[in-house]
Amino acid sequence: MRMLLRQFEYLVALAREKHFGRAAASLHVAQPSLSAGIRELEQELGVLIVERGHRFAGFTEEGERVLDRARRILAERDALRADVDQAKRGLSGTLRIGVIPTALPVVPRVTAPFTAKFPGATVRVMSLTSIEIQRGLDEFDLDVGLTYLDNEPLERVRPKPLYSESYLLLTHESGPFHGRSHVTWSEAADAPLGLLSPDMQNRRIVDGVFRALGKSPRPSFETNSLINLCTQIGGWSSIVPKPLLDSLDLPAGVSALPLIEPDVSRLVGLVVPDRDPLPTLARALFNLNSHLDGQ
């Protein structure tokens, strides 16, 4: 059984690294040992698992099935270890959370109850796109996601709503919206804009609002960094989620104006894989959190 688990670890590492040498190095074994272990597994199962050439060329159809089962078995092993450790020493281990960039400002409010109750556990937070969160949950590389729930929702997950994300226009006080208390989405579309890059779901939300209004603005500036977006306000304005301003001081001379007509919000929350049993740490975080007000 121990050798079989090790062979499964070889497969998962190879899927992650997509290179025999890097996969072996990540597990601190020699490359010939990793290759031999995978060949032995192929012989035992009677199927070809890895497409081979001069370099790693992917998994066969049968190999993909074996890889999926290997991930599940290793996850079950890790869950069993966590349950045993919890019984002996209390909850410990590392909770891996993938967070969309727009939700990073609320992470402390999500994780604080967890770390207070379980001081022996470690929290690892990674800034990821919603697509990367989906992949991480599917491939057992993440325990929990913090992402949009009602816009391009993830699949094969159990959701827990936390807050509704609303939007603001960051604009220079000397610009065309000087003295205004709010701005319509149509007015924002006609202004010079800096926006997040199209690979970000927040940008796709903004583009969807503009399309519904018959608008197609062409941003003067694009970035995948919210911090960069906020600090580059000058000749253009930016559209950002309201929670960002709870953790960021605006540059001098910049105002944050609510966007209206229409009133737009998107639901953000936790997601865990739709499988049983849930990892112990993921279950603990999921059960501790409830709705976050003031977002």
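Further up the page is the structure itself.
The rules behind these values
- Residues numbered from 1 in each chain as written.
- Predicted model: local features only at pLDDT ≥ 70, side-chain atom pairs only at ≥ 80, totals over all residues.
- Heavy atoms only, no water.
- Helix = DSSP H or I, 4+ residues; strand = E, 2+ residues; numbered from the N terminus.
- Contact = heavy atoms within 4.5 Å.
- Areas by Shrake-Rupley, 256 points an atom, 1.4 Å probe, with all protein chains shown as cover.
- Pairing = 2+ DSSP bridges.
- Axes fitted to C-alpha atoms, helices over the stretch in contact; angles between N-to-C directions.
- Phe/Tyr/Trp six-rings, centres within 6.5 Å; stacked < 30°, edge-to-face > 60°.
- Salt bridge = Lys/Arg side-chain N within 4 Å of Asp/Glu carboxyl O.
- Buried < 20%, exposed > 50% of the residue type's maximum accessible area, 1.4 Å probe, protein only.
- Core = buried A, V, L, I, M, F, W, Y, C linked by side-chain atoms within 4.5 Å.
- Expected span 1.5 Å × (residues − 1).

## Considering the overall build of the protein chain
For step 1, the next point in the chain: Counting its regular elements, the protein chain contains 10 helices and 13 strands.
For step 2, the next point in the chain: Considering only C-alpha atoms, the protein chain reaches an extent of 75 × 50 × 30 Å along its principal axes.
For step 3, the next point in the chain: Here the contacts in the protein chain between residues at least 6 apart in sequence split such that 74% fall between residues at least 24 apart.
For step 4, the next point in the chain: For the protein chain, the accessible area works out to roughly 14700 Å², and carbon and sulfur atoms hold 51% of it.

## Re the sheet that holds strand S6 (residues 157–165)
For step 1, the next point in the chain: Pairing is mixed in the open sheet, where 5 strands are placed in the order S4-S3-S5-S13-S6. The strands lining the two open edges of the sheet, one partner per strand, are strand S4 (121–127) and S6. For this sheet, the mean inter-axis angle between neighbouring strands, taken without regard to orientation, is 20°.
For step 2, the next point in the chain: As defined by bridge partners, S6 adjoins strand S13 (residues 266–273) across 8 bridges and the pair is classed as antiparallel. Note that in S13 the partner of lysine 160 across the bridge is leucine 270.
For step 3, the next point in the chain: Along the sheet face, helix H5 (residues 107–117) touches strand S3 (93–99), S4, strand S5 (144–148), S6 and S13 and points at about 165° away from the line of S4.
For step 4, the next point in the chain: Along the sheet face, helix H6 (residues 130–138) touches S3, S5, S6 and S13 and points at about 150° away from the line of S5.

## Observations regarding the sheet that holds strand S11 (residues 237–241)
For step 1, the next point in the chain: Judged by pairing direction, the sheet is mixed, and its 6 strands sit side by side in the order S8-S12-S7-S11-S9-S10 without closing on themselves. The open sheet terminates on both sides in strands that have one partner only, identified here as strand S8 (183–184) and strand S10 (221–223).
For step 2, the next point in the chain: Sheet topology note: the S8/strand S12 (residues 254–260) ladder contains 2 bridges and is parallel. Counterpart to valine 183 in the pairing with S12 is leucine 259.

## Things to note about the packing of aromatic side chains
For step 1, the next point in the chain: Within this structure, the stated rule accounts for 6 aromatic pairs.
For step 2, the next point in the chain: When the ring of phenylalanine 56 is compared with that of phenylalanine 59, the centres are 5.4 Å apart and the planes differ by 70°; the resulting orientation is edge-to-face.
For step 3, the next point in the chain: On the numbers, 5.3 Å between centres and 55° between planes, the contact of phenylalanine 114 with phenylalanine 118 is tilted.
For step 4, the next point in the chain: The structure contains a cluster of three or more aromatic residues connected by ring pairs, namely Phe20, Phe56 and Phe59.

## Some points on the environment of glutamate 62
For step 1, the next point in the chain: By the element assignment, glutamate 62 lies in helix H4 (residues 61–89).
For step 2, the next point in the chain: C-alpha of glutamate 62 to C-alpha of leucine 193: the two residues are 131 residues apart in sequence and 49 Å apart in space.
For step 3, the next point in the chain: Not counting the four nearest positions on each side in its chain, glutamate 62 is found in contact with Val47 and Leu48.

## Focus: the pattern of salt bridges
For step 1, the next point in the chain: Going through the model one piece at a time under the given rule, you end up with 15 salt bridges.
For step 2, the next point in the chain: Between arginine 65 and glutamate 61 there is a salt bridge, and its shortest N-O distance comes to 3.2 Å. Placement of the pair is arginine 65 and glutamate 61 together in helix H4, with a separation of 4 residues, close to one helical turn.
For step 3, the next point in the chain: According to the relative accessible area criterion, glutamate 61 is exposed, its value standing at 58%.
For step 4, the next point in the chain: As a salt-bridge pair, glutamate 155 and arginine 156 come within 3.1 Å of each other at their nearest N and O atoms.
For step 5, the next point in the chain: Where salt bridges share partners, they join Arg6, Glu9 and Arg77 into one cluster.

## Some remarks on the nonpolar core
For step 1, the next point in the chain: Among the nonpolar cores identified, the biggest contains 53 residues, and Phe114, Leu146, Trp185 and Ile239 are the most heavily contacted of them.
For step 2, the next point in the chain: Element by element, the count of residues in this core is highest for helix H10 (residues 280–288), at 5 residues.
For step 3, the next point in the chain: Once residues lying within four places of it in the same chain are set aside, the contact partners of leucine 146 are Gly98, Val99, Ile100, Ala103, Val106, Val107, Val110, Ile133, Leu162, Val268, Gly269 and Leu270.
For step 4, the next point in the chain: Leu27, Leu34, Ile38 and Ala70 belong to the second largest nonpolar core, which has 23 residues in total.

## A look at helix H8 (residues 201–212)
Residues spaced three or four apart along an α-helix point in a common direction, a consequence of the helix completing one turn every 3.6 residues.
For step 1, the next point in the chain: In a regular helix each residue adds 1.5 Å, so 12 residues correspond to 16 Å; H8 covers 17 Å between its end C-alpha atoms and thus fits that length.
For step 2, the next point in the chain: Listed as buried for H8 are Gln201, Asn202, Arg203, Ile205, Val206, Val209 and Phe210.

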